[in-house]
Amino acid sequence: MAAVAPSCSMDSAALPVHRQSTGHLMRQPPAAGEAIEKSTSAVQAASLTFTDLSFSAMLPGGEKKTILEPCSGHFEPGQLVAIMGPSGCGKSTLLDMLAMKKTAPYSGDVFVNGRPRDPMLFQRIAAYVGQEDQMPAHWKVREALEFNTTLKRQPGIAASSRKATARFIDNLLEAFGLTGVAETYVGGAQVRGISGGQRRRVTLARGVAAQASLLFCDEPTSGLSATDAELCVKALRVVAKRLNVLTLVVIHQPRREVAELFDTLVLLTSNPGRMAYFGPMGQASSYMETCGYPVPAHACGTDFYLDLLTPGSELDASDALVAAFATHQKLGLAEIIDEALAVQGRTAREMLLAAQEQALQGKQGASASSARLGPYAVPFGSQVQTLLRRKMLLTLRNPGAIGTQLAMPATMGVVLGTVFQGIGNHAFGIAQLQFVFILLTMLSLQSLPLMPLLIEERVFMKLETSERLYREAAHILSTLCVTVPLSLLGATVQTLIIYGFAQLPLDYLPTILGWTLLLFFLFDALFQCVAAAAPDGEQAMTMATPFLVIFMLFNGLVVTRATAPFFLRWIFEISPTSYALQSIVLMMADDADSNGKLLVAGMGYKHGENLKGIIVIACMTAVLRLLQVLALKYLN
């Protein structure tokens, strides 16, 4: 039997060809038997070749388990490829390796246009749609598509009009059946929004919005109805054919109408993952029949293929089909791969320059040299601007976020102010010391309730930064520009309310307010650093508690230098609350009577350490911010 070679498309000479505009085709996608003409504004062509890709995982007992045995293949630009197989066959693993999303070590090589994949620029020409739909709950559907379009736009798209971009997004919304919910919140566990199926389609539409040359989709139809799944795959087919995008889709048992939309089928079997078929979707049934496994009448071909490839099933023929692949297809596929690697096309850098030239044709004074050739499509300033706009909108739409940072501190200020009302009219003593300690403690905890929100934001930040939409530093800076001013305002209001109730002299206010805000900045950095490093909210609280306890104990009031164990006295040198409490108490003691001065003398405080305390707090804050960036980049 001759090898079944992968084909780029169906025979367009025998099919009616659709020459309508891209927008019309997106709104009314043609059926499987109708060819689609490539647009003159199609993206730069990118073929994908892989050789001997394999992956093994280490089990907890130290045993090595093979997930995917070495496999090879080649895809031409503009193909719509289905990767199928039973659970555990390694189909998602294969997709992740091809998309450069696999963080664990694996073997094999991947080539784009016959050249080794460029690790720095690959994400500029590729887009990935994962299995999970992680997006901010208070985001609107249209805003989600605009976000990806803005941050991962291809060269030259920035020069196009806003009206053209808006039309493209409108077409995407209609193609994926989202026009009716374009202004609706994405929603989540606590926020009412679109349905789970609609959320899945938004995730898929975000991947398409990048207009990349390569599109990888990991089970994009999971959770969708059969009708919605067909709608989405039809839209992907239009994207693949009209825009010349090579689209690889991991899909689980599509119905016949959906399967017929694909050009190429890759079949894997499990335990371990091995390739059993690589070729045109339309020739899969005849290939199976030649191997001795004809598709039963009235049966769905893809269902039958999975029955054959599932080890232990009643129709299990996985070993026989793997052997047939090695005999009939592997050699022919190797020849196709060799031919593809012998003809080298454009590099990723050349593709970006060519896209810029294509977009700027006919424009006076335009030059392709202006194309950005780094890993990010837009400069850092534009990243911050886009993220800042999203963060402000999400914060204003979330009553809980505003309440946590403004309403709660004001309420606590009134409660604590009532407790310490009028202590400024009494002689300096234990009550004043308790007042200062409680005030500093409450201000230190100002950002603690934000940790769960920061961890939630970190989840979709990780997905977006893996797509090279923006840098981790841009996320941190935009977050700081919104959360810090709000929390700072809340801390200031709380301090002023408590201070007003306490009726302390106004001369003390600048010193007390200054130190409380310094502590706020430090502990805000601490909690954000912990939120960046901790796997979840519970562990974040566990990690933050020791720092809070140590700094609250070693402050000269609860534990003094004299009472502290000798080997722990060094903690006072780095305890921010110790410096703050020391400065405020010594200032208040200057106006105290002899009993007050005697009380302060027993606390072991030293004059002249204000500058030292400010430097220590500033350095600790800077270190924590740096650790936050590293944690966001390399952890979780």
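Residues numbered from 1 in each chain as written. Predicted model: local features only at pLDDT ≥ 70, side-chain atom pairs only at ≥ 80, totals over all residues. Heavy atoms only, no water.

A. Here's a closer look at the overall build of the protein. Along its length, the protein carries 22 helices and twelve strands. With the C-alpha coordinates of the protein rotated into their principal frame, the extents come out at 105 × 60 × 45 Å. Taken across its 636 residues, the protein has 53% of its residues classed as buried. The long-range fraction of contacts in the protein, counting pairs at least 24 apart against all pairs at least 6 apart in sequence, stands at 75%. Working note: accessible area of the protein is about 27,100 Å², and carbon and sulfur atoms make up 58% of it. Each charge sign in the protein was given a centre, from 50 positive and 49 negative side chains, and these centres are 7 Å apart. (Helix = DSSP H or I, 4+ residues; strand = E, 2+ residues; numbered from the N terminus. Buried < 20%, exposed > 50% of the residue type's maximum accessible area, 1.4 Å probe, protein only. Contact = heavy atoms within 4.5 Å. Areas by Shrake-Rupley, 256 points an atom, 1.4 Å probe, with all protein chains shown as cover. Lys, Arg positive; Asp, Glu negative; His and termini not counted. Charge placed at Lys NZ, Arg CZ, Asp CG, Glu CD.)

B. Spotlight on the nonpolar core. Core analysis: the biggest nonpolar cluster contains 181 residues, and Leu48, Phe50, Phe176, Phe216 and Leu248 have the highest contact counts within it. Here the element with the most residues in this core is helix 18 (residues 509-533); it accounts for 16 residues. Every residue in contact with Phe176, bar those within four places of it in the chain, is listed here: Arg201, Leu204, Ala205, Val208, Leu231, Cys232 and Ala235. (Core = buried A, V, L, I, M, F, W, Y, C linked by side-chain atoms within 4.5 Å.)

C. Geometry of helix 13 (residues 380-397). Over its 18 residues, helix 13 extends 26 Å from the first C-alpha to the last, a length consistent with the 26 Å expected when each residue adds 1.5 Å. Buried residues of helix 13: Gln383, Val384, Thr386, Leu387, Arg390, Lys391, Leu394, Thr395 and Arg397, and no others. Buried residues along helix 13 cover an arc of 170 degrees about the axis, so they all sit on one side. Opposite the buried face of helix 13, by more than 90 degrees, sit the exposed residues Gln385, Arg389 and Leu396. Where helix 13 is buried, its residues contact helix 3 (141-151), helix 14 (399-419), helix 16 (451-466) and helix 17 (472-502). (Expected span 1.5 Å × (residues − 1). Arc of directions from axis to C-beta.)

D. Fine view of the side chain of Ser583. Topologically, Ser583 is positioned in helix 20 (residues 576-589). Of the residues examined, Ser583 reaches a relative accessible area of 7% and is grouped as buried. Polar contacts involving the side chain of Ser583 include one to the side chain of Trp515, which spans 2.9 Å. (Polar contact = N/O pair within 3.5 Å; in protein donor to acceptor, adjacent residues only side chain to side chain.)

E. Quick look at the sheet that holds strand 12 (residues 274-280). Reading across from one edge, 8-9-10-5-11-12 is the order of the six strands in this open sheet, with mixed pairing throughout. With partners counted over all chains shown, the strands left at the sheet margins are strand 8 (126-129) and strand 12, one partner each. Across the sheet, the mean angle from the axis of one strand to that of its neighbour is 15 degrees, orientation sign disregarded. With four bridges connecting them, strand 8 and strand 9 (residues 214-218) associate as parallel partners. In the sheet register, Val129 faces strand 9, and the bridge partner there is Cys217. The strands touched by helix 9 (residues 301-309) are strand 5 (80-84), strand 11 (264-269) and strand 12; relative to strand 11, the strand with the most contacts, the crossing angle is about 25 degrees. (Pairing = 2+ DSSP bridges. Axes fitted to C-alpha atoms, helices over the stretch in contact; angles between N-to-C directions.)

F. The environment of Pro546, seen in detail. Its place among the elements puts Pro546 in helix 19 (residues 537-553). Spatially, the C-alpha atom of Pro546 lies 30 Å from that of Ala474, the residues being 72 residues apart in sequence.

G. Representation of the sheet that holds strand 7 (residues 115-116) in the model. The sheet built from four strands is open, its strands ordered 4-3-6-7 with antiparallel pairing. Looking along the sheet, the strands with just one partner apiece sit at the ends: strand 4 (64-75) and strand 7. Sheet topology places strand 6 (residues 107-112) next to strand 7; two bridges connect them, and they run antiparallel. Its bridge partner being in strand 7, Phe111 is matched across the sheet by Pro116. Here helix 2 (residues 91-98) sits on the sheet and contacts strand 3 (48-58), strand 4 and strand 6; the angle it forms with strand 3, its principal contact strand, is near 125 degrees. With respect to the sheet, helix 11 (residues 330-342) is in contact with strand 3, strand 4 and strand 6, its orientation differing from that of strand 4 by roughly 65 degrees.

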